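# Analysis of the macromolecular model
Below are the chains, spelled out letter by letter.
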Amino acid sequence: MATLRYLGHACFILEQQGTSILFDPFLTGNPLAPSLPELKPTLILVTHGHGDHLGDALDIAKRSGAPILTMVELASYCASKGAKATGANYGGKVAFDFGWVKLVPAWHTSSVPEGVYVGNPCGFVVNFFGKTFYHPGDTCVFEDMKLIAELTPIDVAYLPVGDFYTMGTDEAVKAVQLLQPKIVIPGHYGTFPVLVPNANDFRQSVERATTAQCVVLKPGETYNM
Ligand code: NI
Ligand code: MN
């Protein structure tokens, strides 16, 4: 069975049978990140260059040897810093033993902490041993989410709900209606003072306005897919 572990903010680990995918590993400097043993992922997916997403990706990639998969411009940046990195682009599927990863659009920006712009941000649709997980990065809601889910029905979707830098509750509920995932897991809240402190409004609105099940994970908690 695949497990999805939430590490706070937009960071998740998807794991099964010794294969693990690490998403947006913002751990150092994240006040909500649980203390963890050294991570040894199989693959690292990074949605964009902002410090709360690129995070520790370069360090973990260099230490573990795991490749980073992201948009071409950010992949070039990661490679220039000594990490193994693969660059792809919107609509492209990258095949793996576990299934595939597809890069999808995200409405956001993508500069790295040193101020260089590194192309466009992305989201990921992952087919992981037959289950599908959607990580949209830091996007606002957009109507093509419906198309993303039409092409690949989504079992579990993470959505940012913290407002200010991403969707807030109202937009995220609209995203659930467009995506129609079986399970939705909120994140990107409570990390910084400008963000919504908790996912209570989101959970209540999802239960009222959609057929999806909302699973709220505390950092460190795991959902069995
Ligand atoms: Ni961002
Ligand atoms: Mn962010």
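Definitions and cut-offs
Sequence order sets the numbering: in each chain, residues are counted from 1 along the sequence as written. Chain A is the first chain written and ligand 1 is the first ligand written, with later ones labelled in order. It should be noted that, the model being predicted, local features are given only for residues of pLDDT at least 70 and side-chain atom pairs only at 80 or more, the latter also being counted only at that level, while totals for whole chains, interfaces and linings use all residues. For side-chain calculations, the full set of non-hydrogen atoms in the structure is used, while hydrogens and water are omitted. Coordinating donors are taken as N, O and S atoms within 2.8 Å of the metal, stretched to 3.2 Å for Na, K and Ca; because water is absent from the atoms, sites can appear incomplete. Helix and strand definitions here come from DSSP, where helices need a minimum of 4 consecutive H or I residues and strands a minimum of 2 consecutive E residues; each element is numbered from the N-terminal end. Exposure classes here rest on a 1.4 Å probe applied to the protein chains alone. A residue is buried below 20% of its type maximum, exposed above 50%, and partly exposed in between. Angular criteria define each label, namely tetrahedral for four donors with all angles between 85 and 135 degrees, square planar for four and octahedral for six donors with opposite donors over 155 degrees apart and remaining angles between 65 and 115, and irregular for whatever fails these tests. The definition of a nonpolar core used throughout is a set of buried Ala, Val, Leu, Ile, Met, Phe, Trp, Tyr and Cys residues joined through side-chain atoms within 4.5 Å. Residue contacts are counted whenever heavy atoms from the two residues lie within 4.5 Å of one another. Exposure above 30% relative accessible area and the lack of any salt bridge qualify a residue for a patch; like charges then connect within 9 Å, and the nonpolar side chains Val, Leu, Ile, Met, Phe, Trp and Tyr within 5 Å. Per-residue and other accessible areas follow the Shrake-Rupley method at a 1.4 Å probe size, with only the shown protein chains counted as cover for residues. Here, a salt bridge means any side-chain nitrogen of Lys or Arg that lies within 4 Å of a carboxyl oxygen of Asp or Glu.

## What about the coordination of the manganese ion (ligand 2)?
Within the first shell, the manganese ion (ligand 2) binds the protein through D52 (OD), H53 (NE2), D138 (OD) and H188 (NE2), at distances of 2.1 to 2.3 Å. Mapped onto the sequence, the residues coordinating the manganese ion (ligand 2) show the spacing D-H-x84-D-x49-H. In this structure, the manganese ion (ligand 2) lies 3.4 Å away from the nickel ion (ligand 1), the two metals sharing D138 as a donor. Taken as a pair, D138 in the loop between β10 (131–135) and α4 (145–151) and H188 in the loop between β12 (183–187) and α6 (200–209) lie far apart in primary sequence, 50 residues in all. Like D138, the residue H188 is buried in the burial classification.

## Things to note about the coordination of the nickel ion (ligand 1)
The protein atoms that coordinate the nickel ion (ligand 1) are H48 (NE2), H50 (ND1), H108 (NE2) and D138 (OD), at distances spanning 2.2 to 2.3 Å. Classification of the site at the nickel ion (ligand 1) rests on its 4 donor atoms, whose angles at the metal span 91 to 173°, yielding the label irregular. Considered as a linear motif, the donors of the nickel ion (ligand 1) on their single chain read H-x1-H-x57-H-x29-D. The exposure class assigned to H48 is buried, which follows from its relative accessible area of 1%. Judged by its relative accessible area of 21%, H108 is partly exposed.

## Thoughts on the nonpolar core
Ranked by size, the top nonpolar core spans 30 residues in total, and within it L14, I21, F23, L45, V126, F133 and I185 carry the most contacts. The element best represented in this core is strand β9 (residues 122–128), accounting for 4 residues. Not counting the four nearest positions on each side in its chain, I185 is found in contact with L4, F12, V156, A157, Y158, L159, V215, L217 and Y223. Counting 27 residues, the second largest nonpolar core, distinct from the first, contains V104, A157, M167 and L178.

## Details of a nonpolar patch on the surface
On the surface, F164, Y165 and V194 cluster together into a nonpolar patch covering about 320 Å² of accessible area. Of the residues examined, V194 reaches a relative accessible area of 42% and is grouped as partly exposed.

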